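Here is what each chain is made of, one letter per residue.
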Amino acid sequence: MLFTKKSLTADGFTGFRALDELEVMRIPQGPGIFALLCPAGFDPVFLTKSTAGTFKKKDPSLKREALEAEWVPDVSLLYLGKASAGSQGNRGLRKQIQEFMDYGRGRPTVVWDARLIWQLRDALDLIIAWKELPPSEVNAAEAAYHADFVATYGRLPFANLVQARTKK
């Protein structure tokens, strides 16, 4: 898979909205996976300080050299994450994406793994898409997409710092 809008659409992803135009109430509430993609012609400019909130009093900012080292050139997919149903069954895509957006606006949260997104100057231009899945398939799907990306590009997407694995 090339992890483009075309290939993700063919694989069942929907949405494809710029973050600054996202209407959270239109995002499905069920569990699934979501992807952040660069729009056409996107040129990464890294901020010195992240716009994201803190997590356990830790600054989410990385040095420019570390951000440049994580960047995967000529690839539109920047992050692929999951939204499980949660232990109470009240989580899902809408809640996870809302927390991700709140985090980018500087609110403290637990969405630490996607923090590199919020050190991009034009982060709100990024495109978000999602794919609803049954709760039992979410972890395996995330792990499979990560493994496929690594097999194709030799590394994880820019903002994925930890490779998902299937639970045994």
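Notes on the structure follow. Source: prediction; values computed, not measured. (Residues numbered from 1 in each chain as written. Predicted model: local features only at pLDDT ≥ 70, side-chain atom pairs only at ≥ 80, totals over all residues. Heavy atoms only, no water.)

Structural notes on the sheet that holds strand β4 (residues 127-132)
Next, step 1: Across the sheet, 4 strands lie side by side as β1-β4-β2-β3; this open sheet has antiparallel pairing. With one partner strand each, in any of the chains shown, β1 (14-18) and β3 (77-83) form the two edges of the open sheet. Taking each pair of neighbouring strands and ignoring which way they run, the sheet shows an average axis angle of 20 degrees.
Next, step 2: In this structure, β1 lies alongside β4, joined through 3 bridges in antiparallel fashion. Within β4, the residue paired with R17 across the bridge is I128.
Next, step 3: Against the sheet, helix α3 (residues 93-104) touches β2 (32-37), β3 and β4, its axis set at about 35 degrees to β2.
Next, step 4: Its contacts with the sheet put helix α4 (residues 138-153) on β2, β3 and β4, and the angle it makes with β3 is roughly 165 degrees. (Pairing = 2+ DSSP bridges. Helix = DSSP H or I, 4+ residues; strand = E, 2+ residues; numbered from the N terminus. Axes fitted to C-alpha atoms, helices over the stretch in contact; angles between N-to-C directions. Contact = heavy atoms within 4.5 Å.)

Section: unusual backbone geometry
Next, step 1: Residues other than glycine seldom take positive phi values, yet F3 does so here, at roughly 60 degrees.
Next, step 2: Secondary-structure assignment places F3 in the segment before α1 (5-10).
Next, step 3: Of note in the backbone geometry, D74 takes a positive phi value of approximately 60 degrees without being a glycine.
Next, step 4: Along the chain, D74 falls in the loop between α2 (64-70) and β3.

A word on the packing of aromatic side chains
Next, step 1: The tally for this structure, following the rule as stated, stands at 11 aromatic pairs.
Next, step 2: Judged by centre distance (6.4 Å) and plane angle (55 degrees), the ring pair of F34 and F100 falls under tilted. Here F100 lies in helix α3 and F34 lies in strand β2, a separation of 66 residues in the sequence. Residues F34 and F100 agree in their burial class; the two are buried.
Next, step 3: Measuring from centroid to centroid gives 5.0 Å for W71 and F158, while their planes differ by 65 degrees, and the two rings are edge-to-face. In this pair, W71 is assigned in the loop between α2 and β3 and F158 in the segment after α4, connecting sequence segments 87 residues apart. (Phe/Tyr/Trp six-rings, centres within 6.5 Å; stacked < 30°, edge-to-face > 60°. Buried < 20%, exposed > 50% of the residue type's maximum accessible area, 1.4 Å probe, protein only.)

Structural notes on α3
Next, step 1: Here α3 contains 12 residues, and its C-alpha end-to-end distance of 16 Å stays within 8% of the 16 Å for a straight helix at 1.5 Å per residue.
Next, step 2: The inward-facing, buried residues of α3 contact β2, β3 and β4. (Expected span 1.5 Å × (residues − 1).)

Regarding α4
Next, step 1: Helix length check: α4 (16 residues) gives 22 Å between terminal C-alpha atoms against 22 Å at 1.5 Å per residue, within 8%.
Next, step 2: Where the residues of α4 are buried, they touch β2, β3 and β4.
Next, step 3: With its phi angle positive at about 80 degrees, G154 sits one or two positions after the end of α4.

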